[in-house]
Amino acid sequence: MVKNSLKRENPDQERKIAVLLEDLSLLEDYVHDLFTFYPLPVCFVSLSGIILELNPAFEEISNFSSQEIIGEKISKIFGKKEGNEIIRKTVLEGPILGEEKTLFPNQKPPLIVQIFTKPREDEEGRVIGFFLGLFDVTKIKITEETLKKTQNKLLQFLEDLEIARKRAEEEKEKTFDIINNFADGILVFDEEKRLTLLNPKVEEFFRCRGQGLIGKTIWELSSSPYFSSLVDLLGREIREVSREELSFGENLVLEVISVALKSGNKKTGNLIILHDVTREKTVEKLKTEFVSLSAHQLRTPLSAIKWTLKMLLEGDLGEITPEQREYLEKIYQSNERMINLINDLLNVTRIEEGRYIFTLSPTDLEKIVENFLVFYKDEIKKKNLSVDFSKEKIPVLNLDQEKISLAIQNLLENAIKYTLPGGKIKIFLGQKEGNVFFSVQDSGIGIPESQKERIFTKFFRGANAIRIETEGSGLGLFITKNIIEAHGGKIWFESKEGKGSTFYFTLPIKP
């Protein structure tokens, strides 16, 4: 009975064993597939450091095929020292969790990896080897290094920025110190024409407190009596001006300079500089008064000398010898030069005082030119000059005849004086663009390039002109320019040294 029972139970056990074996086979296949397709590099290493098995991911990271690396020591990819250290730590100290090591792939640059080890034991608990897993952190390390460098650069930039900020603050303080102690008044308006800065000198000039003015537009500032004059000069749009005067009586005269502030091509505001020229104007006025007084005082005795000499030369006081006549004529000419100089000085003082143009009357410019050509006929003949006067029909203008005659005389006299013998002079009088147009062209000595800017200034004579004609006050062209401009006209010239000069002026036909 027992034997039969056992026989009946054996088939069941056999089936169970078969199922277990099948499950075990399937489990082994599963483990193998898992090991093969596991995305992280994994290998099994013996206690002596020999690589016994590895997955495809390990082949890829090491760049060794399984045939090339199985049977080799891990020192082949980690180096001898590091390979031995991995074995020692795993066997004696237990699993390694995430230590960083350098991996040396086959024919590729080194990689930084984190290693993970797990000892493998037999049935009796003895370590027979270990699993070695790798995690490539090279890109992470590169990113960390890049971030670290970026962080260091950012910190350095912030430090530099802080240093620059401190320097800017220091420069700003220095600038404000300079502005606050500047001898000139300074105002700054933004692009909306609002006052953003003014220094103590402006407060002193305008007798105001700047604190209550900051932020106001230039138009809002016009309610102040001092600012109203400035607004009248500059306008609401704050036009650019150069060295224009603003007078507040004899006690304060300011020279105004207004310039646009720009950032690139964009206008960001306006800078206005107020320079106190009160003392200079006072000195200039005293000088002008002195010159005027001296000239008047000198002209009276010179006129008396002139008429006395004329009476002697004409024989009104008796007969004179040829030798006496020669000396008297020289004295008479010198006296005439003195009178002309005195007249020039008086003309300059009148110009500076703004009272030069007096009487306007209908004036025939063509007749004035012709009269002067007759007056200088002997000088023209003496120097054998060719003079051509071209004219067009022009209207009679309402001018100060005496002053415009003096202007034309100065231009004609210079052309004759500074043209060498045998030279040519061309004069033209006509109309251009609604103006009377006058020009005098000569083939004379010309004006040096370096001296052209000073040609219309007081007491200036070109170096080459002084060599030709030592006598002269240097006031003729200054007076001429002021006469033309006082009539609303314009004067200019073209010249080349050694080739000649051409002086032009225009006068408006309609006043």
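Below: a short report on this structure. (Residues numbered from 1 in each chain as written. Predicted model: local features only at pLDDT ≥ 70, side-chain atom pairs only at ≥ 80, totals over all residues. Heavy atoms only, no water.)

## Side note on the side chain of Ser 258
In step 1: Positionally, Ser 258 belongs in strand β9 (residues 253-263).
In step 2: Taking the relative accessible area as the measure of exposure, Ser 258 reaches 1% and is therefore buried.
In step 3: Reaching out from Ser 258, the side chain makes a polar contact with the backbone oxygen of Arg 239 at a distance of 3.1 Å.
In step 4: Ignoring any residue separated from it by four or fewer positions in sequence, one finds Ser 258 in contact with Leu 234, Ile 238, Arg 239, Glu 240, Val 241, Asn 270, Leu 271 and Ile 272. (Helix = DSSP H or I, 4+ residues; strand = E, 2+ residues; numbered from the N terminus. Buried < 20%, exposed > 50% of the residue type's maximum accessible area, 1.4 Å probe, protein only. Polar contact = N/O pair within 3.5 Å; in protein donor to acceptor, adjacent residues only side chain to side chain. Contact = heavy atoms within 4.5 Å.)

## Overview of the packing of helix α14 (residues 401-417) against helix α16 (residues 476-486)
In step 1: Two elements in contact, α14 and α16, have axes whose closest approach is 9 Å; the angle formed by their N-to-C orientations is 140°. Taken together, the axes of α14 and α16 are oblique relative to one another. In the crossing of α14 with α16, the sense of the turn from one axis to the other is left-handed. Residues Lys 403, Ile 404, Leu 406, Ala 407, Asn 410, Leu 411 and Asn 414 of α14 touch α16, and the partners they reach there are Gly 476, Leu 477, Ile 479, Thr 480, Ile 483 and Ile 484. (Axes fitted to C-alpha atoms, helices over the stretch in contact; angles between N-to-C directions. Parallel < 35°, antiparallel > 145°, perpendicular 65-115°, else oblique. Left-handed = near helix turned anticlockwise from the far one by under 90°.)

## Quick notes on the pattern of salt bridges
In step 1: For the structure shown, the criterion picks out 22 salt bridges.
In step 2: Glu 99 serves as the salt-bridge partner of Lys 89, at 2.7 Å between the closest nitrogen and oxygen. Pair noted here: Lys 89 is in helix α5 (residues 80-93) and Glu 99 is in strand β3 (residues 97-103), with a separation of ten residues, a long-range link.
In step 3: Residue Arg 126 is joined to Asp 122 by a salt bridge in which the shortest nitrogen-to-oxygen separation is 3.0 Å.
In step 4: One network of salt bridges, with partners in common, ties together Glu 82, Lys 89, Glu 99 and Lys 101. (Salt bridge = Lys/Arg side-chain N within 4 Å of Asp/Glu carboxyl O.)

## Points about the sheet that holds strand β14 (residues 424-432)
In step 1: Taken together, five strands build an open sheet; the order of strands is β12-β14-β15-β17-β16 and the sheet is mixed. The sheet terminates laterally at β12 (386-391) and β16 (490-496), the two strands that pair on one side only. Across the sheet, the mean angle from the axis of one strand to that of its neighbour is 10°, orientation sign disregarded.
In step 2: Bridge count for strand β15 (residues 435-442) against strand β17 (residues 500-508) is seven bridges, and the pairing is antiparallel. Bridging across to β17, Val 436 finds its partner in Leu 507. (Pairing = 2+ DSSP bridges.)

## Observations regarding the nonpolar core
In step 1: Residues Leu 365, Ile 404, Ile 408, Ile 427, Phe 438, Phe 505 and Leu 507 are the most contacted members of the largest nonpolar core, which totals 43 residues.
In step 2: Considering each element in turn, this core owes the most residues, eight residues, to α14.
In step 3: Leaving out residues up to four positions away in the same chain, Phe 438 has contacts with Val 369, Ile 408, Leu 411, Ile 427, Phe 428, Leu 429, Phe 503, Tyr 504 and Phe 505. (Core = buried A, V, L, I, M, F, W, Y, C linked by side-chain atoms within 4.5 Å.)

## Some words on unusual backbone geometry
In step 1: With a phi close to 50°, Arg 207 is a non-glycine residue in the positive phi region.
In step 2: Topologically, Arg 207 is positioned in the loop between α7 (200-206) and α8 (218-221).
In step 3: The exposure class assigned to Arg 207 is exposed, which follows from its relative accessible area of 68%.
In step 4: Its identity is not glycine, yet Glu 433 carries a phi of approximately 50°, on the positive side.
In step 5: The topology assignment puts Glu 433 in the loop between β14 and β15.
In step 6: For Glu 433, a relative accessible area of 80% puts it in the exposed group.

## With respect to a nonpolar patch on the surface
In step 1: Taken together, the side chains of Tyr 38, Leu 40, Leu 97, Phe 116, Phe 135 and Ile 140 define a hydrophobic patch exposed on the protein surface, amounting to about 550 Å² of accessible area.
In step 2: Relative to the assigned elements, Phe 116 resides in strand β4 (residues 111-121). (Patch = residues over 30% accessible without salt bridge, like charges linked within 9 Å, V, L, I, M, F, W, Y side chains within 5 Å. Areas by Shrake-Rupley, 256 points an atom, 1.4 Å probe, with all protein chains shown as cover.)

## Details of α5
In step 1: If you check α5, its first and last C-alpha atoms are 19 Å apart, about what 14 residues at 1.5 Å a residue would give, namely 20 Å.
In step 2: Restricting attention to buried positions, one finds in α5 the residues Gly 83, Ile 86, Ile 87, Lys 89 and Thr 90. Buried residues of α5 fall within an arc of 170° about the axis and therefore sit on the same side. Facing away from the buried side of α5, by more than 90 degrees, are the exposed residues Lys 80, Lys 81, Leu 92 and Glu 93. (Expected span 1.5 Å × (residues − 1). Arc of directions from axis to C-beta.)

## A word on the packing of helix α12 (residues 365-375) against α14
In step 1: Interaxial distance between α12 and α14 falls to 10 Å at its minimum, and their mutual angle equals 45°. Judged by the angle between their axes, α12 and α14 are oblique. Helix-helix and strand crossings are classified by hand; for α12 and α14 the assignment is right-handed. Counting all contacts with α12, which are made through Leu 365, Ile 368, Val 369 and Phe 372, the residues of α14 involved are Gln 401, Ile 404, Ser 405, Ile 408, Gln 409 and Leu 412.

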